[in-house]
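# Descriptive structure summary
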Amino acid sequence: MISETELIDRIVATVDAVDNVYPAVPMGLQNSRWLPWNAGSAAVDLGDTVVEIRVVAASLPLNPLLDELDAAVRPLLDGTPWATARLRIHVVDLHTDVFADRSDPDHHLGP
């Protein structure tokens, strides 16, 4: 049987493989190659009845993006204790790329 850590690593890798979505990790851990674990694992919680994933979206609209992510992650749960768990995806932030096409010439996103 697959371990929780292995399943979380697979979910994080799947999120990374979907275009325009990233695992949401705590500030300061985004590029932390020095950690002895995958920082992206902070974006996934395996509960008894719910699998929660926190992501940053880099495109709109959100519904097609979330549907694609759901379709990519759901098969990973098959054959695990979380096979019947509800998959809950939280978009906790929007990447600045979301606003690139809608830029206002009087405002910019920063340095």
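Below: a short report on this structure. (Residues numbered from 1 in each chain as written. Predicted model: local features only at pLDDT ≥ 70, side-chain atom pairs only at ≥ 80, totals over all residues. Heavy atoms only, no water.)

Here we take up helix H2 (residues 62-77). With 16 residues, H2 should reach 22 Å at 1.5 Å per residue; the first-to-last C-alpha distance of 23 Å fits that figure. Regarding H2, the residues found buried are Leu-65, Leu-66, Leu-69, Val-73 and Leu-77. The inward-facing, buried residues of H2 abut helix H1 (4-17), strand E1 (21-23), strand E3 (50-57) and strand E4 (86-94). With its phi angle positive at about 75°, Gly-79 sits one or two positions after the end of H2. (Helix = DSSP H or I, 4+ residues; strand = E, 2+ residues; numbered from the N terminus. Expected span 1.5 Å × (residues − 1). Buried < 20%, exposed > 50% of the residue type's maximum accessible area, 1.4 Å probe, protein only. Contact = heavy atoms within 4.5 Å.)

What follows concerns the nonpolar core. Core analysis: the largest hydrophobic core is formed by 23 residues, its most contacted members being Ile-11, Leu-46, Val-51, Ile-53 and Leu-69. Among the elements of the structure, H1, strand E2 (44-46), E3, H2 and E4 are those that each provide at least two residues to this core. In this structure, Ile-53 is in contact with Ile-11, Val-15, Ala-43, Val-44, Val-73, Leu-87, Arg-88, Ile-89 and His-90, ignoring residues within four places of it in sequence. (Core = buried A, V, L, I, M, F, W, Y, C linked by side-chain atoms within 4.5 Å.)

Our next topic: the pairing of E4. Along any regular strand the residues' side chains alternate between the sheet's two faces. Across eight bridges, E3 lies against E4 in parallel orientation. Bridged to Glu-52 within E4 is Arg-88. (Pairing = 2+ DSSP bridges.)

Going through the model one piece at a time under the given rule, you end up with three salt bridges. The partner of Arg-54 in a salt bridge is Asp-45, with the nearest N and O atoms 3.0 Å apart. (Salt bridge = Lys/Arg side-chain N within 4 Å of Asp/Glu carboxyl O.)

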